[in-house]
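# Chains, contacts and geometry: an overview
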Amino acid sequence: MGPLYANVSIATIIPNISNYLHNVSIYLKNISKYPFNVSSNLITCINSSQFVEGCKGPSAPPVSSLDIFIIYFIYSFLLFFDILLTIQFIIYFKNVARGAGRPPPHISASADPPPISFIVPVKGEPLDVIAAMLSRFSDIDYPRHMFEVLVVSDDEPAYFAKIRALVDALARELGIDARAVRRAGGGRYRGSAFNWAADVAKYDVLAFLDVDSRLPRDIARRVAEAVDGRTLLFLGWDGYISLFTKLGKLLRFVYKYFLLYGAYLGRALSGDVVLALGSGIALRRDLLRRAGGFCDCVADDYDISIKVLLAGGRIVYDGGAPIMVEIPSTYFAFRRQFVRWVFNSSYILRSYLLKVLRSDLPIRHKLSVVFNTAQHPLLVTTAVFLPVVGLAAAYTGYIVPPLPVAALEVALAVATVVLLRYVVALARREGYGVAESLAIAAQNGVVSLMIDITAFVYMLMGFFRSSITWRVTPKGSSQLSFRESLAPELVYTAAVAAVFIWALAAHMWLFALSALSLLAVLLYGLYLVTG
């Protein structure tokens with residue numbers, strides 16, 4: 001699940017704000033050209049469901065009624081879904097901000113705490129990263145004879161030999177039961193490695209972790225208390241950065257307040273289904289088998305979550321201390337991770353939409369799962385097309401849109417302000433200032449606009465393809481040397497710049513100002529992602 005929830009609305013309303021400030025000035029300057037007084041003509045423009053000539057600004061081009069209807073219909077459609085997503089997160093943040101408490105614990109009926117197999121997949125990971133991961137198990141609050149750490153490698157035999165020697169040596173030094181195994185058999189992705197590891201694990205309670213996870217001391221006890229024959233436990237995760245870059249600090253804010261507090265805790269407190277995404281998934285082996293196991297695909301966490309629900313199980317987010325995982329500190333590393341998440345959403349939505357709707361799940365759970373998986377496609381589509389359609393609306397020259405469209409624009413602006421109020425309130429509790437929180441949220445909105453240009457392509461791929469090449473997200477200092485092409489972002493920016501120049505040449509001042517507003521946002525975005 002992506003972290004840039006609700007920031008889309010911040011970026012998409014920026015060009016519209018400047019449009020309206022300019023529109024009002026043009027309207028007042030040119031009102032004398034029309035046979036109505038200021039008040040009556042303005043009311044006519046706002047209340048009309050049609051498009052009247054008195055509502056057009058100077059130098060507006062001739063546009064057919066059908067073209068205008070199509071432009072504003074698409075524009076309204078995108079505004080509507082952006083409002084729905086924003087309102088959903090307002091509800092989530094409202095529950096968190098009110099101190100509604102943590103989700104109630106789900107205690108297993110078992111009297112004795114069960115032994116646990118912690119499964120950690122690795123491929124091409126540096127030995128020091130694996131060593132750091134193993135050392136964290138020496139501090140967890142659970143009897144050491146009651147758990148094992150299973151390091152599952154997909155590496156070549158020569159490198160696996162080094163991993164095995166390291167794991168064996170550290171297991172003896174730390175006094176924990178840890179072993180490294182190399183996956184046998186086929187499979188392209190991590191899910192098939194998980195299934196294989198589940199078969200060779202010593203114990204029936206399985207917990208799956210990323211190699212860079214920093215573990216809360218009570219992780220094993222929480223797994224032992226919550227996991228039973230029908231429960232998939234999601235421990236939740238927050239992010240830490242290994243490089244203190246400007247973008248890394250921005251992303252750390254968004255991961256914490258939009259993802260951990262909003263998408264996880266807020267959703268759980270609201271009674272919606274929380275899908276177990278990323279590190280920190282635990283369940284019993286028999287439930288895993290009954291659900292059909294992990295898929296051999298890039299969306300294994302999405303997939304097993306929905307499979308468990310369809311098999312009659314439940315997903316529990318206990319709201320305790322989250323696992324800490326390394327999050328990207330550079331734009332290219334973040335883009336690699338984020339576009340994979342977007343692909344996963346589209347792929348899962350295509351694969352499970354009808355199955356979920358036809359299932360025996362409660363109606364609310366069906367809608368929650370569908371809306372959860374559809375969020376990335378909706379957000380990405382909105383972020384990419386809302387500014388473009390806004391430009392098209394500006395091209396028509398209509399200073400004041402019809403009442404339904406204007407109402408949606410006002411509703412989006414109000415919803416965004418309310419959402420930011422809750423985010424700022426939460427951030428202030430932990431030392432962030434108001435201005436700092438608003439600046440970070442706005443900057444992340446701009447970054448989301450930039451990254452969604454590439455993510456849109458991956459979203460389309462998810463609807464038509466079943467797999468993509470898995471590329472590991474760079475971590476640590478390796479992010480500094482990792483580079484990819486900025487061609488999608490540059491092409492998008494160049495196209496808007498061309499529109500601005502053309503509008504100036506055609507003396508279409510309103511259209512030019514709208515294009516300039518969007519161009520300024522994009523140029524600032526390029527500054528953020530390359531700085």
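Anything mentioned here points back to the structure above.
This section reports on the structure supplied with the text. (Residues numbered from 1 in each chain as written. Predicted model: local features only at pLDDT ≥ 70, side-chain atom pairs only at ≥ 80, totals over all residues. Heavy atoms only, no water.)

## A short note on the state of the cysteines
- Inspection of every chain in the model, using the stated rule, returns 1 disulfide.
- One disulfide in the model links Cys295 with Cys297; its S-S distance is 1.9 Å. Every disulfide takes its handedness from the sign of the S-S torsion; for Cys295 and Cys297 that torsion is -50°, giving left-handed.
- Judged by its relative accessible area of 11%, Cys295 is buried.
- A relative accessible area of 2% means that Cys297 is categorised as buried. (Disulfide = S-S within 2.5 Å. Buried < 20%, exposed > 50% of the residue type's maximum accessible area, 1.4 Å probe, protein only.)

## Some remarks on the nonpolar core
- Phe118, Phe137, Trp237 and Tyr264 are the most contacted members of the largest nonpolar core, which has 154 residues in total.
- Examining the composition of this core, we find that 15 residues originate from one element, helix H8 (residues 246–269), more than from any other.
- Ignoring any residue separated from it by four or fewer positions in sequence, one finds Tyr264 in contact with Phe234, Gly236, Trp237, Leu259, Val274, Leu277 and Tyr317.
- Membership of the second largest hydrophobic core comes to 13 residues, among which are Leu78, Leu79, Leu386 and Leu412. (Core = buried A, V, L, I, M, F, W, Y, C linked by side-chain atoms within 4.5 Å. Helix = DSSP H or I, 4+ residues; strand = E, 2+ residues; numbered from the N terminus. Contact = heavy atoms within 4.5 Å.)

## Structural notes on the packing of aromatic side chains
- According to the stated counting rule, one finds 29 aromatic pairs in the structure shown.
- One aromatic cluster is present, formed by Phe234, Trp237, Tyr255, Tyr264, Tyr317, Phe334, Phe338 and Trp341 through successive ring pairs.
- For the cation-ring pair, Arg214 lies above Tyr240, with the distance from its terminal atom to the ring centre recorded as 3.5 Å.
- In this structure, Arg421 packs its charged tip against the face of Tyr422, placed 5.3 Å from the ring centre. (Phe/Tyr/Trp six-rings, centres within 6.5 Å; stacked < 30°, edge-to-face > 60°. Lys NZ or Arg CZ within 6 Å of the ring centre and 35° of its normal.)

## Some words on the packing of H8 against helix H13 (residues 403–429)
- Look at H8 against H13: their axes get within 11 Å of each other, and the N-to-C directions meet at 110°. One way to sum up the angle between H8 and H13 is to call them roughly perpendicular. Handedness of the crossing formed by H8 with H13: right-handed. For the pair H8 and H13, contact is made by Phe253, Tyr257, Phe258 and Tyr261 and by Leu419, Val423, Leu426 and Ala427, respectively.
- Residue composition of the contact of H8 with H13, by class: 8 nonpolar, no polar and no charged. (Axes fitted to C-alpha atoms, helices over the stretch in contact; angles between N-to-C directions. Parallel < 35°, antiparallel > 145°, perpendicular 65-115°, else oblique. Left-handed = near helix turned anticlockwise from the far one by under 90°. Nonpolar A, V, L, I, M, F, W, Y, C, P; charged D, E, K, R; others polar.)

## Quick look at the layout of surface pockets
- Of the voids in this model, the largest pocket is the one considered here, and its volume is about 860 Å³.
- Taken together, 40 residues make up the lining of the largest pocket; nearest its centre are Arg190, Asp210, Arg340, Trp470 and Lys475.
- Those elements giving two or more residues to the lining of the largest pocket turn out to be strand E1 (116–122), strand E2 (147–153), helix H6 (190–200), H8, helix H10 (300–310), strand E9 (323–326) and helix H11 (331–357).
- Here the lining of the largest pocket is composed, by residue class, of 20 nonpolar, 8 polar and 12 charged. (1 Å grid on protein atoms, 1.4 Å probe; cavity = no way out; pocket = protein on both sides within 12 Å on 5 of 7 lines; lining within 4 Å. Points joined across faces, edges and corners; volume = space filled by probe spheres on them.)

## Concerning the sheet that holds strand E3 (residues 177–182)
- In spatial order, the strands read E3-E2-E1-E4-E7-E5-E8; together these 7 strands make up an open sheet with mixed pairing. Each edge of the open sheet is held by one strand with a lone partner, namely E3 and strand E8 (314–317). Across the sheet, the axes of successive neighbouring strands diverge by a mean angle of 25°, strand direction being ignored. (Pairing = 2+ DSSP bridges.)

## Side note on the pattern of salt bridges
- Per the stated rule, a full pass over the model turns up 20 salt bridges.
- Arg190 serves as the salt-bridge partner of Asp300, at 2.8 Å between the closest nitrogen and oxygen. Linking Asp300 in helix H10 with Arg190 in helix H6, this pair joins segments that are 110 residues apart in sequence.
- The class for Asp300 is buried, based on a relative accessible area of 2%.
- Among the ionic pairs, Asp228 bridges to Arg314, the shortest N-O distance being 3.4 Å. One end of the pair, Asp228, is in the loop between helix H7 (219–226) and strand E5 (231–234); the other, Arg314, is in strand E8, with 86 residues separating them in the sequence.
- Each of Arg335, Arg336, Glu484 and Glu489 takes part in salt bridges that share partners, so that together they form one network. (Salt bridge = Lys/Arg side-chain N within 4 Å of Asp/Glu carboxyl O.)

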